[in-house]
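Now for the letters of each chain:
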Amino acid sequence: MIDFLKDLWDFMRMRKKFWLAPIIIVLLLLGLLIVLAEGSAVAPFIYTIF
């Protein structure tokens, strides 16, 4: 996983694709939110957002 993140950072740095960073961060946060809320009482409220 660390190698993947390093390769991704090198790709963004070399090709000046820094606009990808916010997109990746938002996708990771949404994925984390769905995984953590899957078994909790907050799940119905989160699924109504999507």
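Relevant structure appears above.
Draft legend 1. Examining the pattern of salt bridges more closely. Taken as a whole, this structure holds two salt bridges when the rule is applied. Of the charged contacts in the structure, one is a salt bridge between Lys6 and Asp10, with a shortest N-O distance of 3.7 Å. Of this pair, Lys6 and Asp10 both sit in helix H1 (residues 2–14), separated by four residues, roughly a single helical turn. The exposed category is assigned to Lys6, whose relative accessible area is 52%. The buried category is assigned to Asp10, whose relative accessible area is 19%. When the shortest N-O distance is used, the salt bridge between Asp10 and Arg13 registers 3.1 Å. Linking Asp10 with Arg13, this pair stays in helix H1, spanning three residues, or about one helical turn. The exposure class assigned to Arg13 is partly exposed, which follows from its relative accessible area of 43%. Put simply, Lys6, Asp10 and Arg13 are held in one network by salt bridges that share partners.

Rules behind the numbers
Residues numbered from 1 in each chain as written. Predicted model: local features only at pLDDT ≥ 70, side-chain atom pairs only at ≥ 80, totals over all residues. Heavy atoms only, no water. Salt bridge = Lys/Arg side-chain N within 4 Å of Asp/Glu carboxyl O. Helix = DSSP H or I, 4+ residues; strand = E, 2+ residues; numbered from the N terminus. Buried < 20%, exposed > 50% of the residue type's maximum accessible area, 1.4 Å probe, protein only.

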